[in-house]
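The primary structure of each chain is shown beneath.
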Amino acid sequence: MSDRLPVLPQYVFPKQALTSFAGWVADKDRGAVTTWIIRRFVAKYGVDMSEALDSDIASYPSFNAFFTRALKPGARPLAAADLVSPVDGAISQYGPIEGDQIFQAKGHRYTTTALVGGDAALAARFQHGSFATLYLSPRDYHRIHMPCDGRLLRMIYVPGDLFSVNPTTARGVPGLFARNERVVCVFETARGPFVLVLVGATIVGSMATAWHGVVNPPRGGDVREWQYEDQQILLRQGQEMGRFLLGSTVVMLFPAPPLAFNPAWSPTRPVRLGEAMANYAGA
């Protein structure tokens, strides 16, 4: 069966309306109803509440408060690596950027320029570099942390579609991660620039960053950009940088030369925040 067939309904489904409604519902304090929804969610997806800083389901005033729950201190120790996984999730794809081409799934690639919202000069800094795409499922911890130390330079909101970002959709929708709504965060490090992109999806009510708060909504048809080069916004490896309200995907770009990725990594393999992702060549 063609990989396109399972995703065809998403082309006509009212994704924007569903996502707006889901965000509205998830942000409301509904007392016992909220607790019931959270209990059902925990049971359905096998969420491990023993890792949560607050393991009492009834204490969460809204579904969003539960979904963006903090972990207990020490729950995710950082590996001794140049770059660590910024999230709990699963590996979608990773490896070299071939020119400006990023591998999405069999038969599908997209460009670095498309991913960062059309900024060709920014994209050119990652020619022949490396990328990693990590998928967060509904059961995962949904805060995003820094893979390395970095100073924030820019943030770009790129409007787009709201297709699901699960593996089935990644195989069936061309250019998925450069097509969906996303927030592009640009950092400078001791080894040059890197980009961390938060990719939105169906029912992802909003994306937020530690320095800005909620970026969307509002949603609109125009690219929006914030400049931080005149500020000293420094984030350390392992420090929280953002969060998703419901599951989605992060895409990271690193400049040449290509990274030496963790040899234990492979597509679909689960990953945990803080585990070794890669080292710089020659490190």
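Here the structure is a predicted model, which means the values were calculated and not measured. (Residues numbered from 1 in each chain as written. Predicted model: local features only at pLDDT ≥ 70, side-chain atom pairs only at ≥ 80, totals over all residues. Heavy atoms only, no water.)

Colleague: Could you clarify how one ought to interpret the sheet that holds strand β18 (residues 276-279) in this entry?
Modeller: Strand-to-strand pairing in sheets goes through backbone hydrogen bonds, with the strands running parallel or antiparallel. Judged by pairing direction, the sheet is antiparallel, and its 3 strands sit side by side in the order β1-β18-β16 without closing on themselves. Two strands close off the open sheet at either side, each with one partner strand: β1 (83-84) and β16 (260-261). Here β1 pairs with β18 via 2 bridges, running antiparallel. Counted as the bridge partner of Leu83 is Ala278 from β18. (Pairing = 2+ DSSP bridges. Helix = DSSP H or I, 4+ residues; strand = E, 2+ residues; numbered from the N terminus.)

Colleague: Any chance you could explain the nonpolar core here in plain terms?
Modeller: One recurring pattern in soluble globular proteins is that nonpolar side chains are buried together. Counting residues in each nonpolar core, the largest one holds 36 residues, and the members touching the most others are Phe187, Leu196, Leu198, Trp211, Met241 and Met277. Contributions of two or more residues to this core are made by β5 (130-135), β7 (150-158), β8 (182-189), β9 (192-199), β14 (240-245), β15 (249-254) and β18. Those residues within four positions of Leu198 in sequence are excluded, and the remaining contacts are Ile144, Glu181, Arg182, Val183, Cys185, Met207, Ala208, Met241, Arg243, Phe244 and Thr249. Listed in part, the 22 residues of the second largest apolar core include Ala123, Val173, Val195 and Val199. (Core = buried A, V, L, I, M, F, W, Y, C linked by side-chain atoms within 4.5 Å. Buried < 20%, exposed > 50% of the residue type's maximum accessible area, 1.4 Å probe, protein only. Contact = heavy atoms within 4.5 Å.)

Colleague: How do you make sense of the sheet that holds strand β10 (residues 206-209) when you look at a structure like this?
Modeller: Spatial ordering of the open sheet is given by β6-β14-β10-β11, a layout of 4 strands whose pairing is antiparallel. Each of the sheet's edge strands pairs with one partner strand only, and the pair in question is β6 (143-145) and β11 (213-216). Taking the axes of each pair of neighbouring strands and ignoring which way they run, one obtains an average angle of 25° across the sheet. Alignment of β10 against β14, held across 4 bridges, turns out to be antiparallel. Residue pairing in the sheet places Thr209 in a bridge with Gly242 of β14. (Axes fitted to C-alpha atoms, helices over the stretch in contact; angles between N-to-C directions.)

Colleague: Is there a simple way to explain a nonpolar patch on the surface in this structure?
Modeller: Among the surface-exposed residues, Val33, Trp36 and Ile37 lie close enough to one another that they form a single nonpolar patch of about 290 Å² accessible area. With respect to the secondary-structure elements, Ile37 resides in helix α2 (residues 32-45). What makes Ile37 partly exposed here is its relative accessible area of 33%. (Patch = residues over 30% accessible without salt bridge, like charges linked within 9 Å, V, L, I, M, F, W, Y side chains within 5 Å. Areas by Shrake-Rupley, 256 points an atom, 1.4 Å probe, with all protein chains shown as cover. Salt bridge = Lys/Arg side-chain N within 4 Å of Asp/Glu carboxyl O.)

Colleague: I tried to follow the packing of aromatic side chains on my own but got confused; where do I start?
Modeller: In this description, an aromatic ring pair is defined by two values, namely the gap between the centres and the angle between the planes. As enumerated under the stated definition, the model contains 15 aromatic pairs in all. For the pair Phe41 and Tyr45, a centre-to-centre distance of 4.7 Å together with 45° between the ring planes defines the contact as tilted. Placement of the pair is Phe41 and Tyr45 together in helix α2, with a separation of 4 residues, close to one helical turn. Judged by its relative accessible area of 12%, Phe41 falls in the buried class. Taking the relative accessible area as the measure of exposure, Tyr45 reaches 31% and is therefore partly exposed. An aromatic cluster is built from Phe41, Tyr45, Tyr60, Phe63, Phe66 and Phe67, whose rings are joined through pairwise contacts. The residue whose ring lies beneath Lys44 is Tyr45, and the NZ or CZ to ring-centre distance is 5.6 Å. (Phe/Tyr/Trp six-rings, centres within 6.5 Å; stacked < 30°, edge-to-face > 60°. Lys NZ or Arg CZ within 6 Å of the ring centre and 35° of its normal.)

Colleague: Just to check I follow, could you spell out the side chain of Arg182 for this structure?
Modeller: Relative to the helices and strands, Arg182 resides in strand β8. In this structure the side chain of Arg182 is engaged in a polar contact, spanning 2.6 Å, whose partner is the backbone oxygen of Asn180. (Polar contact = N/O pair within 3.5 Å; in protein donor to acceptor, adjacent residues only side chain to side chain.)

Colleague: Hey, could you run me through the pattern of salt bridges in this one?
Modeller: Where side chains of opposite charge bring their charged atoms close, a pairing between them can arise. Counted according to the given criterion, the structure contains 11 salt bridges. Residue Glu188 pairs with Arg125 through a salt bridge whose shortest N-O separation is 3.7 Å. With Glu188 in strand β8 and Arg125 in the loop between α5 (120-124) and β5, the pair connects residues that are 63 residues apart, well separated along the chain. For Arg125, a relative accessible area of 42% translates into the label partly exposed. Note that Arg269 is salt-bridged to Glu275, the shortest N-O span being 2.9 Å. For Arg269, a relative accessible area of 24% corresponds to the partly exposed category. Using a relative accessible area of 18% as the deciding quantity, one classes Glu275 as buried.

Colleague: What is the right way to read α2 from this model?
Modeller: Along an α-helix, a turn takes 3.6 residues, which lines up residues three or four apart on a common side. With 14 residues, α2 extends 20 Å from end C-alpha to end C-alpha; this agrees with the ideal 20 Å at 1.5 Å per step. For α2, the set of buried residues is Thr34, Thr35, Ile38, Phe41 and Val42. The buried side chains of α2 occupy one side of the element, clustering within an arc of 125° when seen end-on. In α2, those exposed residues whose orientation departs by more than 90 degrees from the buried face are Ala32, Arg40, Ala43 and Lys44. Where α2 is buried, its residues touch α3 (63-67). Of the residues flanking the end of α2, it is Gly46, one or two places downstream, whose phi is positive at about 65°. (Expected span 1.5 Å × (residues − 1). Arc of directions from axis to C-beta.)

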